[in-house]
Amino acid sequence: MTGLLIQGLINGLILGAIYGLIGVGLNVVFGVLRVVNFAHGEFLVLGAYFAFFLLEYAGVNPLVALPLAFAAFFLAGYLLYFVLIPRLSKADDPEISSLLLMFGVSIMLGALMLLAFDADARSLPYEIEPVFLKFGPVLIPTVRLVALVIALAIIAALTVFLYRTQLGRALRAIIMNRDAVRIVGINAERLSAVAFGLGVGLAAASGVLVAMVFPAFSPFMGNDYTLIGFIVIVLGGLGHPVGALVGALLFGVTEQVSVVFFNPSIATICGFALMVAMIFFRPSGLFGRQALR
Amino acid sequence: MLKVTNLKKRFGGLVALQGVDMHVPRGSILGIIGMNGSGKTTMLNCINGIYTPDEGSIELDGKEIGGRQIHEVARLGVGRTFQVPRIFRQLTLLDNLEVAQQQTGRGAEERYAQSEYWLHKVELHRLRHNYAEELSGGQQKLVELARIMVARPKVVLLDEPFAGVNPALAQLLISVIRELPTEHDCSVVLVSHDLTSIYQLSHHIIVMNEGAILSQGNADHVRADPRVVEAYLGA
């Protein structure tokens, strides 16, 4: 039983780190733009397909595909921002309009993926030798450990970017006061486009990790990952990548440890119960307003 | 030099500015007074790009800036503070000033030196690593002033800088504002209900009423103008 518990804990940490990465991308977009990006999960699945096709047709290692996916989707997101988002400011209620718009984009991207890639689930034929690492009674797939390290490294890099660079400080500043950013001479539209690009790029990078770690992905899975991203934001609080990571680890560990004791359906309920409890007792998340600091 | 000519702004049927002319030479302080709703803040909002004027022109050193976006006007050299400070509350004071220098192209050392200088100037240096939200309202106004000054603007628009500020901080603000034209080579447009401060600081004063200029001149002239006494002072 102890072995299973440790196994569940480690699985939870690994999945939590990947969930954290999913959450931080969504967090940046929502924080800066107040746009509820319902298509985040679809961008993630597109990232998974990106890695899949690069490996399948060009033999590109997913570890190389990951930065490529980030760069390509960052650029796509940066350009897509100017097509989609500035128009929202003319709406009576930009936040609701953004929700509906991105919901539409989500459905559209899902349908396009279905057309382009078929409904069949794919899996990334990628393994790292040795396939498993054994620590006493605990068996961990090596690829999962690598994914854990990469997810943590990306979140750490994002934290350094947000807290130690001029552009990062400006991104944090725009979350706090959009008008004031303009008043000090910063082009808020361009900065917002960077935030959107960053969110989409992080979604795609998460997608590569998801493809490496999970057995399969398909065009239908976007919504599941968007939902995970929202749970992470609710748990960790808006604004800080570390908040998102802590929230995600909590969610991942709760879910995976619950599997040890209950059947998987109840484990899912446990994860969601945690989110409901957080909204009930601490609506601003674990880190609350402090998260922006 | 800031030159405003025949500036007009309407909001539906409400005429907020009805052809205002204004001239702020380099190195001078222009005070603007007027009742609530007289158009003072609307004029500042037109100058710094928050509103697009319906008619008229706004020139900074001969270059038209009316109708430009807020960040463009700021980059051209117009700094602005607000009655309720618009600072970055969850950033430290140093980071507030750092963000304001993003567009200056300065190196890290020069940016840091500028921030240090201005935090010393507004006597908040010891709080430089504190978060802005931990400061009093008056101190936040000082941070906002320091934040626009690090960008070395040509014109500074100050909207009610003394509102809600305790007397000690108000004195500090007055002494800092007084030095801006001489020590930092910029012009100041000062909007305030605090007549004493306006009279103390301004080289030229404009009295606004219902979107138009009612009277203008130096402090003595404005104080003696019967139209001002009647419309503004109510006596």
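Residues numbered from 1 in each chain as written. Chains lettered and ligands numbered in written order. Predicted model: local features only at pLDDT ≥ 70, side-chain atom pairs only at ≥ 80, totals over all residues.

Caption draft 1: Examining the overall build of chain B more closely. A tally of regular secondary structure across chain B gives nine helices and 10 strands. Taken against the 2.2 N^0.38 rule, which gives 18 Å for 235 residues, the C-alpha radius of gyration of chain B at 17 Å falls within 12% of a compact globule. Counting only C-alpha atoms, chain B reaches 50 × 35 × 35 Å along its principal axes. Looking at the 235 residues of chain B, the share that counts as buried comes to 49%. Restricting the contact set of chain B to residue pairs at least 6 apart, pairs at least 24 apart contribute 65%. (Helix = DSSP H or I, 4+ residues; strand = E, 2+ residues; numbered from the N terminus. Rg over C-alpha atoms; globule rule 2.2 N^0.38 Å. Buried ≥ 20, exposed ≤ 12 C-beta atoms within 10 Å, placed from the backbone. Contact = placed C-beta atoms within 7 Å.)

Caption draft 2: Seen up close, the nonpolar core. One finds Ile 18, Leu 21, Ala 204 and Val 208 of chain A together with Val 189 and Leu 190 of chain B to be the most contacted residues of the largest nonpolar core, which totals 164 residues. If you tally residues by element for this core, the top one is helix 8 (residues 188–213) of chain A, at 16 residues. In terms of domain composition, this core takes at least three residues from each of domain 1 (2–77 + 153–233) and domain 2 (87–152) of chain B. Look past the residues within four positions of Val 189 of chain B in its chain and what remains in contact with it is Val 24, Leu 30, Ile 32, Leu 44, Val 155, Leu 157 and Leu 158 of chain B. (Core = buried A, V, L, I, M, F, W, Y, C linked by C-beta atoms within 7 Å. Domains from an automatic or database assignment.)

Caption draft 3: Looking closely at the interface of chain A and chain B. In this complex, chain A contributes 18 residues to the contact, which on the side of chain B involves 20 residues. For the side of chain A that touches chain B, the elements supplying multiple residues, two or more each, are helix 6 (166–176) and helix 7 (178–183) of chain A. Take the side of chain A that touches chain B: its biggest share by element is six residues, from helix 6 of chain A. Across the side of chain A that touches chain B, the residue classes tally to nine nonpolar, four polar and five charged. (Nonpolar A, V, L, I, M, F, W, Y, C, P; charged D, E, K, R; others polar.)

Caption draft 4: Molecular detail of the domain arrangement of chain B. Residue and element names in this part refer to chain B. Split into domains, chain B comes out as domain 1 (2–77 + 153–233) and domain 2 (87–152). Summarising the inter-unit geometry, the C-alpha centres of domain 1 and domain 2 are found 24 Å apart. Each partner contributes residues to the interface: domain 1 has 12 residues there, and domain 2 has 14 residues. Examining the composition of the side of domain 1 that touches domain 2, we find that five residues originate from one element, helix 6 (residues 167–184), more than from any other. Residues belonging to the side of domain 1 that touches domain 2 are distributed by class as follows: eight nonpolar, three polar and one charged.

Caption draft 5: Structural context of the packing of helix 1 (residues 2–33) of chain A against helix 9 (residues 222–236) of chain A. Residues and elements named next belong to chain A. Packing of helix 1 against helix 9 leaves a shortest axis separation of 8 Å and a crossing angle of 75 degrees. In terms of orientation, helix 1 and helix 9 fall into the roughly perpendicular class. On helix 9, the residues that touch Tyr 19, Gly 20, Ile 22, Gly 23, Leu 26, Asn 27 and Phe 30 of helix 1 are Tyr 225, Ile 228, Gly 229, Phe 230, Val 232, Ile 233 and Gly 236. Counted by class, the contact of helix 1 with helix 9 contains nine nonpolar, five polar and no charged residues. (Axes fitted to C-alpha atoms, helices over the stretch in contact; angles between N-to-C directions. Parallel < 35°, antiparallel > 145°, perpendicular 65-115°, else oblique.)

Caption draft 6: Up close: helix 4 (residues 108–121) of chain B. All names here are of chain B. Compared with the 20 Å implied by 1.5 Å per residue over 14 residues, the 20 Å span of helix 4 between its first and last C-alpha is a close match. When helix 4 is considered as a whole, its buried residues turn out to be Arg 111, Gln 114, Ser 115, Trp 118 and Leu 119. Within helix 4, the buried residues cover an arc of 125 degrees as seen down the axis, which keeps them to one side. In this structure, helix 4 carries Glu 109 and Glu 110 as exposed residues pointing more than 90 degrees from its buried face. Along its buried surface, helix 4 packs onto helix 3 (93–99) and helix 5 (137–149). (Expected span 1.5 Å × (residues − 1). Arc of directions from axis to C-beta.)

Caption draft 7: Representation of the sheet that holds strand 5 (residues 63–64) of chain B in the model. All names here are of chain B. If you walk across this open sheet you meet the four strands as 2-1-4-5, and the pairing is antiparallel. In the strand order of this sheet, the two ends are held by strand 2 (14–24) and strand 5, each with one partner. Relative to strand 5, strand 4 (residues 55–60) runs antiparallel, the two sharing two bridges. Each bridged residue has a counterpart across the sheet, and for Glu 59 the counterpart in strand 5 is Glu 64. (Pairing = 2+ DSSP bridges.)

Caption draft 8: A look at the sheet that holds strand 9 (residues 204–209) of chain B. All names here are of chain B. Strand order in the open sheet made by the six strands is 6-7-8-3-9-10, with mixed pairing throughout. At either end of the open sheet lies a strand with only one pairing partner, and these are strand 6 (78–81) and strand 10 (212–217). Here the strands of the sheet are splayed against their neighbours by 20 degrees on average, with no regard to which way each runs. Judged from the four bridges that link them, strand 6 and strand 7 (residues 155–159) form a sheet pairing that is parallel. From the neighbouring strand, Val 78 faces strand 7, where its bridge partner is Val 155. In the packing of helix 5 onto the sheet, the strands contacted are strand 6 and strand 7, and the crossing angle to strand 6 comes to about 170 degrees.

Caption draft 9: Representation of the pairing of strand 7 of chain B in the model. All names here are of chain B. Burial runs high along strand 7: five of the five residues are buried. Alignment of strand 7 against strand 8 (residues 187–191), held across five bridges, turns out to be parallel. Paired with Val 155 across the bridge in strand 8 is Ser 187. Following the chain from strand 7 across helix 6 to the adjacent parallel strand 8, one finds a crossover that is right-handed. (Right-handed = clockwise from strand over helix to strand, strands pointing away.)

Caption draft 10: The arrangement of the pairing of strand 4 of chain B in detail. Residues and elements named next belong to chain B. As paired strands, strand 1 (residues 2–11) and strand 4 are joined by five bridges and run antiparallel to one another. Within the sheet, the bridge partner assigned to Val 4 lies in strand 4 and is Ile 58. Hairpin remark: strand 4 followed by strand 5, antiparallel, with two residues in the connecting loop; positive phi at Asp 61, about 50 degrees.

Caption draft 11: Highlighting the packing of helix 3 (residues 62–84) of chain A against helix 8 of chain A. All names here are of chain A. Contact geometry of helix 3 with helix 8 gives a least axis separation of 7 Å together with a crossing angle of 150 degrees. With respect to their mutual orientation, helix 3 and helix 8 come out roughly antiparallel. The two elements helix 3 and helix 8 cross, and the hand of that crossing is right-handed. Looking at the contact of helix 3 with helix 8 residue by residue, the class counts come to 23 nonpolar, six polar and no charged. (Left-handed = near helix turned anticlockwise from the far one by under 90°.)

Caption draft 12: Inspection of the environment of His 125 of chain B at higher detail. Residue and element names in this part refer to chain B. Within the secondary structure, His 125 sits in the loop between helix 4 and helix 5. Spatially, the C-alpha atom of His 125 lies 17 Å from that of Ala 100, the residues being 25 residues apart in sequence. What His 125 contacts, discounting residues up to four positions off in sequence, is Glu 116, Leu 119 and His 120.

Caption draft 13: Broad picture of the environment of Ile 228 of chain A. Residues and elements named next belong to chain A. Of note, Ile 228 is situated in helix 9. Taking the C-alpha atoms as reference points, Ile 228 and Gly 252, separated by 24 residues in sequence, lie 9.8 Å from one another. Setting aside residues up to four positions removed in sequence, Ile 228 forms contacts with Tyr 19 and Ile 22.

Caption draft 14: Molecular detail of unusual backbone geometry. Each neighbour pair has its own omega, and for Glu 129 of chain A with Pro 130 of chain A the value is -10 degrees, a cis peptide bond. Residue position: Pro 130 of chain A is located in the loop between helix 4 (94–117) and strand 1 (132–135). Located in the positive-phi region is Asp 61 of chain B, a residue other than glycine, with phi close to 50 degrees. On the basis of neighbour count, Asp 61 of chain B is assigned to the partly exposed category, with 13 C-beta atoms found within 10 Å. Unlike most non-glycine residues, Glu 210 of chain B shows phi in positive territory, near 50 degrees.

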